[in-house]
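Notes for the structure review
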Amino acid sequence: FFSVFFVCIMLSRLAGVGKSGSLNSIRSFCTYASREEKGSSFAAQHIHPSLARLLSSPIKGGKGSYLELEDGRKLLDYTTGIGVVNTGHCHPRIVKAAQEQVANIIHCQGYMGFSRPMINLLDRLVEIMPSDSLDSFFFSNSGSEAVENATRLAKVATGRPNIIVMDGSFHGRTYATASMTNSKYVYRSGHHPVMGGISVTQFPYCYHCNSKDKSNECCCMSDAHHIQEIFKKHSPPTDVAAIMLEPVLGEGGYVVPPKEYLQSLRKICDEHGILLILDEVQSGFGRTGKWFAVEHFDVEPDILIMAKGIASGFPLSAIASKRSLMQKQIPGSVGGTYGGNAVACAAAVATIDVIREEKLLDNSIERGEQLREGLSVLKDLDVSIDIRGLGSMNAIEFSNVPAGITSKITAACIEKGLILLTTSAYETIRFIPPLNTTKEEIDECVSIFVDVTRDVLKNNK
């Protein structure tokens, strides 16, 4: 800052007092330069204080699997903006699509008419839906908005008041979505009383299963019998509009349920006229090696929620459902200013094309298998670990370790050039690489993580 200040003083003296044009130019330069000197410490004084961050240096840019910081460091980013930039940072085709659209039209509110990018996106979404019945869409900006709109649709379409959600679920931080979130208490802290009409049931978390006999391959929760308890104790099925869940828990720990569990939920919903809502905000768009995680379970949802990876970093979300359901919402009851923004839709079109044409679904599966195999060398540790996941949505959980150990591991990984995130109420670390990450980058991740984990555990016994 002082070097910039000194230069500005010298330039002012050289320009002369009477030359107002020169002085104005110098003042503009000095104002710009001083602003560019401000860093993370300045920003931290003015951003909401509850917003935490991992990196001390401002982020300068990103390419592919790597972030570049203003302090010169280059980090392997296996967070992808929490599962957002599935095509990697600044994929050239996404950048080109967005740049071209910005030069054409940035925003045209949906009430005025369809933008060409929205039409093109609808065409592609219809092609990749996990069910032909999901033929109609509503666009919004964030995952939380999409979840709220899915909830409203379910209540209007069924005329019922209640929603069943899962323990360990994450659906957002707005008032309604935080009321349905159960991965950590902090998301609902200070919000009580929470929104009514919500019942919470168990999610099959096999690593924490209390069953005495784990030799049977069939999960003890495969029949979803806990839903029947909800019906008996809290809400009769005739009052339940929907059962909402993430097919793979996100913030709850990247937990993969048995296929039979989701199939049992589908059967229960069909028996009682309940809608099945699948929240694929974090698991969609190739994250698990399929367009949507539900495709691993041979189940069709009534409402599908999507966001994050849909547009490679541009704010866009959507819900998909049957047209017959959406027709039950009266005109004017849904909408939004920015939903389906033209630039975001153009980026989403390019994202789908890149995932398809660069065969990123296949790469997601292959790199995920490579990662899990690489992490398996840690099974010789004297602590219990669980390595789990589908495609490139993977996690490792530690048991019988000091509280907070995973935060120490991720902090040490940053020092070695790797960014990872913890997740869930347990000691869990998740791996969210871009779908086009390479074999060499996975090897780099595994090498850093294994060495750091051994060191941290050794020094924190």
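The structure reproduced in this document is the subject of the present report. Here the structure is a predicted model, which means the values were calculated and not measured.

Before going further, it helps to spend a moment on the overall build of the protein chain. Summing up its helical and strand segments, the protein chain has 15 helices and 15 strands in all. Scaling as 2.2 N^0.38, a compact globule of 461 residues should have a C-alpha radius of gyration of about 23 Å, and the protein chain matches this with 24 Å. C-alpha extents for the protein chain along the principal axes are approximately 85 × 60 × 45 Å. Contacts in the protein chain between residues far apart in sequence, at least 24 positions, make up 72% of those at least 6 positions apart. By element, 53% of the accessible surface of the protein chain is carried by carbon and sulfur atoms, the whole surface being about 21900 Å². The average position of the 46 basic charges and that of the 49 acidic charges among the side chains of the protein chain differ by 6 Å.

The biggest cluster of nonpolar side chains holds 66 residues, and the ones touching the most others in it are L125, M129, I243, L245, F285 and M306. With nine residues, helix 12 (residues 342-357) is the largest single contributor of residues to this core. Once residues lying within four places of it in the same chain are set aside, the contact partners of L245 are M166, H171, F203, Y261, L262, L265, L276, I277, L278 and D279. Listed in part, the 29 residues of the second largest apolar core include I385, F398, C413 and F449.

On the secondary structure map, G273 appears in the loop between helix 10 (259-272) and strand 8 (275-279). The residues touching G273, leaving out its near neighbours within four places in the chain, are T158 and R160.

In this section: the state of the cysteines. Working definition: the covalent bond between the sulfur atoms of two cysteines is a disulfide. Counting across every chain of the model gives zero disulfides. Of the cysteine sulfurs around C90, a residue in no disulfide, the closest is that of C345, at 20 Å.

Moving on: the side chain of E280. Here E280 lies in the loop between strand 8 and strand 9 (303-306). No salt bridge is formed by the buried E280. Its closest oppositely charged neighbour is R287, at 9.9 Å. A polar contact is formed between the side chain of E280 and the backbone nitrogen of A293, at a distance of 2.8 Å. In contact with E280, not counting residues within four places along its chain, are P247, F292, A293, V294, L304, I305 and M306.

Moving on: the environment of A98. Looking at where A98 falls in the secondary structure, it is placed in helix 5 (residues 92-102). Exposure remark for A98: the relative accessible area of 7% places this residue in the buried category. Look past the residues within four positions of A98 in its chain and what remains in contact with it is F314 and V343.

What follows concerns unusual backbone geometry. Working note: non-glycine residues mostly have negative phi, and peptide bonds are mostly trans. Cis geometry is adopted by the peptide bond preceding P193, which originates at H192 and carries an omega value of 0°. The residue P193 is located in the loop between helix 8 (175-179) and strand 6 (198-201) in this model. If you check the backbone angles, S312 has positive phi at about 55° while not being a glycine. When you line up the elements, S312 lands in the loop between strand 9 and strand 10 (317-321). Phi is positive for K359, which is not a glycine, with a value near 55°. The residue K359 is located in the loop between helix 12 and helix 13 (360-375) in this model.

Criteria and thresholds
- Residues numbered from 1 in each chain as written.
- Predicted model: local features only at pLDDT ≥ 70, side-chain atom pairs only at ≥ 80, totals over all residues.
- Heavy atoms only, no water.
- Helix = DSSP H or I, 4+ residues; strand = E, 2+ residues; numbered from the N terminus.
- Rg over C-alpha atoms; globule rule 2.2 N^0.38 Å.
- Contact = heavy atoms within 4.5 Å.
- Areas by Shrake-Rupley, 256 points an atom, 1.4 Å probe, with all protein chains shown as cover.
- Lys, Arg positive; Asp, Glu negative; His and termini not counted.
- Charge placed at Lys NZ, Arg CZ, Asp CG, Glu CD.
- Core = buried A, V, L, I, M, F, W, Y, C linked by side-chain atoms within 4.5 Å.
- Buried < 20%, exposed > 50% of the residue type's maximum accessible area, 1.4 Å probe, protein only.
- Disulfide = S-S within 2.5 Å.
- Salt bridge = Lys/Arg side-chain N within 4 Å of Asp/Glu carboxyl O.
- Polar contact = N/O pair within 3.5 Å; in protein donor to acceptor, adjacent residues only side chain to side chain.

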